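Remarks on the overall topology
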Amino acid sequence: MASFSLFQSPTLVFTAAILLRVSLLFYGLFQDAHSPMKYTDIDYYVFTDAARFISSGQSPYARDTYRYTPLLAWLIYPTTWSGPVWFSFGKVLFAVGDVVAGWMMFRILRTYRGMGQERALKFASIWLLNPMVATISTRGSSEGLLGVFVTALLWAVLARRMAVAGFLLGFVVHFKIYPFIYAVSIVWWLDDSKMEKGKGGGSKSSTSLMSQVLDFCNPQRIALAMYSIITFIALNAVMYLVYGWPFLEHSYFYHLIRIDHRHNFSPYNTLLYLNSSPNPDLHSATPSFELERLAFLPQLLLSAIMIPLALAKKDLPNTMLAQTFAFVTFNKVCTSQYFLWYMMFLPYYLPNSTLLRSPVVGITALLCWIAGQAAWLQQGFQLEFNGHSTFVPGLWASAILFFLINAGILGIIIHDTKVNPYKNETGKLKKKL
């Protein structure tokens, strides 16, 4: 008698993924109604308040702490309609988004990783059946929707549909700033020599500088740049014409000077807290150098330049994982939602990774990653709920520990991508999804 496996059928896996999210949505309604500790994320109230301001003809930035593109508030406009069901519209949209992202991951694994159906479903389920992913989306975080855009971008690039890829790149950077780091990897990966080798020819060898420049500026790279720049400029121009300076200030410039310290796993957390309510007498007597304002330098140097140039030609999805992991690890603000940014790339990396091929390494890395979060959360709970001052050494030390754990995992990802890039399991790529 054949043994039953959930992963034998896409219908079963996606039904399970949908039921998981439906269950969490109903559980969230119950917890919000009966518990002082709400299930709904505070950000969701910010989104829905911004949508209400739009519905009354005002700017979404009339809502304090709304730091996103107005498109997000427009997408959840139905939450302004009367009734508790409509209030949850945004949560449903985000949950549907992360299921659609999972479906696209499954198709990419089948088409561009050459996996069989059952194996592809197993690795896509790292996202689809992940309780953390489902919980964050159903609590009202928009990261699940972001997952659709980023995964669609990856598919379009792998399919070499440059007009679509350019539009998606421009759109997703407008929607959330950080995906701009993928531009370098994509451009570096789009090499004509790949296509020449795929046809049986060798790579071109050019000696003159002009020839190298012309070879680099191939039609695919030009198309990607053109479509992405036009899309990005057009979206921002429209938003600026409608909402003016507050759009630029809150959607872009704010992120350069933000000092958020609540629920922040970053080692910069303590510095951000101290600078959020500085002592004027101390600062007037001793001018201080705010180290956290330079946090973007190592972050961008690693995630936007060094990693893509070193790895992109070997494997694009794994390089995007390494970039995102580095960006989140070195960011001065690091919350649980940000973990989804790199989790969406795990299905492509894990099948051929040291973390999976060596169970000891993989289990140790996972346990350390969980333990690092648990240590920080324990200190954070003592601070926020019990009123104990745990900033130093507890909260600061646990943030340093979590940073070091993430840096170690990043090292493994970079090593795997550089030394043992992914090999397509069928030996050839299919042309269409």
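Parameters and conventions
- Residues numbered from 1 in each chain as written.
- Predicted model: local features only at pLDDT ≥ 70, side-chain atom pairs only at ≥ 80, totals over all residues.
- Heavy atoms only, no water.
- Helix = DSSP H or I, 4+ residues; strand = E, 2+ residues; numbered from the N terminus.
- Buried < 20%, exposed > 50% of the residue type's maximum accessible area, 1.4 Å probe, protein only.
- Contact = heavy atoms within 4.5 Å.
- Areas by Shrake-Rupley, 256 points an atom, 1.4 Å probe, with all protein chains shown as cover.
- Patch = residues over 30% accessible without salt bridge, like charges linked within 9 Å, V, L, I, M, F, W, Y side chains within 5 Å.
- Salt bridge = Lys/Arg side-chain N within 4 Å of Asp/Glu carboxyl O.
- Axes fitted to C-alpha atoms, helices over the stretch in contact; angles between N-to-C directions.
- Parallel < 35°, antiparallel > 145°, perpendicular 65-115°, else oblique.
- Left-handed = near helix turned anticlockwise from the far one by under 90°.
- Nonpolar A, V, L, I, M, F, W, Y, C, P; charged D, E, K, R; others polar.
- Phe/Tyr/Trp six-rings, centres within 6.5 Å; stacked < 30°, edge-to-face > 60°.
- Core = buried A, V, L, I, M, F, W, Y, C linked by side-chain atoms within 4.5 Å.
- Domains from an automatic or database assignment.
- Arc of directions from axis to C-beta.
- UniProt positions renumbered as here; feature names shortened; annotations may be inferred.
- pLDDT = per-residue confidence, 0-100.

**A closer look at the overall build of the protein**
- If you tally the helices and strands in the protein, you get 23 helices and zero strands.
- Per-residue burial for the protein yields a buried fraction of 48% across its 433 residues.
- Long-range pairs, those at least 24 residues apart, make up 72% of the contacts in the protein between residues at least 6 apart in sequence.
- Approximately 20800 Å² of the protein is accessible, and the part contributed by carbon and sulfur atoms is 69%.

**Observations regarding a nonpolar patch on the surface**
- The grouping of Val238, Tyr240, Leu241, Val242, Trp245 and Phe253 at the surface amounts to a nonpolar patch, some 650 Å² of accessible area in total.
- Tallying contributions element by element places helix H13 (residues 219-243) first for the nonpolar patch, with four residues.

**Side note on the packing of helix H18 (residues 316-330) against helix H23 (residues 391-419)**
- One way to put it is that H18 packs onto H23 with a least axis distance of 10 Å and a crossing angle of 165°. Classified by the angle their axes make, H18 and H23 are roughly antiparallel. In this structure, the crossing between H18 and H23 has a hand that is left-handed. Residues Asn318, Thr319, Leu321, Ala322, Phe325, Ala326, Thr329 and Phe330 of H18 form the contact with H23, whose participating residues are Phe403, Asn406, Ala407, Ile409, Leu410, Ile413, Ile414 and Thr417.
- Looking at side-chain class alone, the contact of H18 with H23 contains eleven nonpolar, five polar and no charged residues.

**Observations regarding the pattern of salt bridges**
- The final tally for this structure, using the stated rule, is nine salt bridges.
- Linking Arg113 and Asp315 is a salt bridge whose minimum nitrogen-to-oxygen distance equals 2.8 Å. Remark: Asp315 occurs in the loop between helix H17 (296-311) and H18 and Arg113 occurs in the loop between helix H5 (89-112) and helix H6 (117-128); sequence separation between them is 202 residues.
- Note that Lys176 is salt-bridged to Glu143, the shortest N-O span being 3.4 Å. Placement of Lys176 in the loop between helix H9 (162-175) and helix H10 (182-189) and of Glu143 in helix H8 (residues 143-158) is noted, with a sequence separation of 33 residues between them. The residues Lys176 and Glu143 share a single accessibility class, namely buried.

**Points about the packing of aromatic side chains**
- Per the stated rule, a full pass over the model turns up 35 aromatic pairs.
- Ring plane angle 80° and centroid distance 4.8 Å describe the contact between Trp81 and Trp86, whose orientation is recorded as edge-to-face.
- On the basis of relative accessible area, Trp81 is assigned to the partly exposed category, the value being 41%.
- Ring plane angle 20° and centroid distance 4.3 Å describe the contact between Tyr338 and Trp341, whose orientation is recorded as stacked. Each of the two residues, Tyr338 as well as Trp341, counts as buried.
- One aromatic cluster is present, built from ring pairs that chain together Tyr44, Tyr45, Phe47, Tyr61, Tyr66, Tyr68, Phe87, Phe94 and Tyr243.

**Remarks on the nonpolar core**
- By size, the foremost hydrophobic cluster in this structure holds 110 residues, and its most contacted members are Tyr66, Leu153, Tyr182, Phe339 and Phe345.
- The greatest single-element share of this core, amounting to twelve residues, is contributed by H8.
- Each of two domains, domain 1 (143-191 + 216-257) and domain 2 (261-277 + 290-432), supplies a minimum of three residues to this core.
- In this structure, Leu153 is in contact with Ala165, Leu168, Leu169, Val172, Tyr182 and Ile186, ignoring residues within four places of it in sequence.

**A word on the environment of Pro351**
- Mapped onto the fold, Pro351 is located in the loop between helix H20 (346-349) and helix H21 (354-357).
- In this structure Pro351 comes out as buried when scored by relative accessible area, which is 10%.
- Spatially, the C-alpha atom of Pro351 lies 7.6 Å from that of Phe123, the residues being 228 residues apart in sequence.

**Points about H10**
- Those residues of H10 that sit buried are Tyr182, Ser185, Ile186 and Trp189. Seen from one end, H10 has its buried residues packed into an arc of 95°, which puts them on one side.

**Quick word on unusual backbone geometry**
- Although it is not a glycine, Thr65 sits at a positive phi angle of roughly 70°.
- Of note, Thr65 is situated in the loop between helix H2 (42-55) and helix H3 (70-75).
- Although it is not a glycine, Arg160 adopts a positive phi angle of roughly 60°.
- In this fold, Arg160 is placed in the loop between H8 and H9.
- According to the relative accessible area criterion, Arg160 is partly exposed, its value standing at 23%.

**Describing the UniProt feature "transmembrane region" (unreviewed entry) in the protein**
- Look at the UniProt record and you will see "transmembrane region" (unreviewed entry) annotated at residues 12-30, 85-108, 144-160, 167-190, 224-248, 324-343, 355-375 and 395-414.
- Structurally, residues 85-108 is divided into 96% helix and 0% strand, and its ends, taken at the C-alpha atoms, are 34 Å apart.

**Describing the packing of helix H22 (residues 359-384) against H23**
- One way to put it is that H22 packs onto H23 with a least axis distance of 9 Å and a crossing angle of 160°. The angle between the axes of H22 and H23 places the two elements in the roughly antiparallel class. In terms of crossing hand, the pair formed by H22 and H23 is left-handed. Touching Val361, Ala365, Cys368, Trp369, Gly372, Gln373, Ala375, Trp376, Gln379, Gly380 and Leu383 of H22 are Phe391, Gly394, Leu395, Ser398, Ala399, Phe402, Ile405, Asn406, Ile409 and Ile412, all from H23.
- Residue composition of the contact of H22 with H23, grouped by class: 14 nonpolar, seven polar and no charged.

**Here we look at the environment of Tyr342**
- The topology assignment puts Tyr342 in helix H19 (residues 339-343).
- For Tyr342, a relative accessible area of 4% corresponds to the buried category.
- Residue contacts for Tyr342: discarding those within four places in its chain leaves Leu321, Thr324, Phe325, Val328, Trp369 and Asn406.

**What about the confidence of the model for the protein?**
- Averaged over all residues, the pLDDT of the protein is 87; the fraction at 70 or higher stands at 86%.
- Predicted confidence is poor over residues 195-205, with pLDDT under 50, and the contacts of this stretch with residues over four places away or in other chains come to seven contacts.

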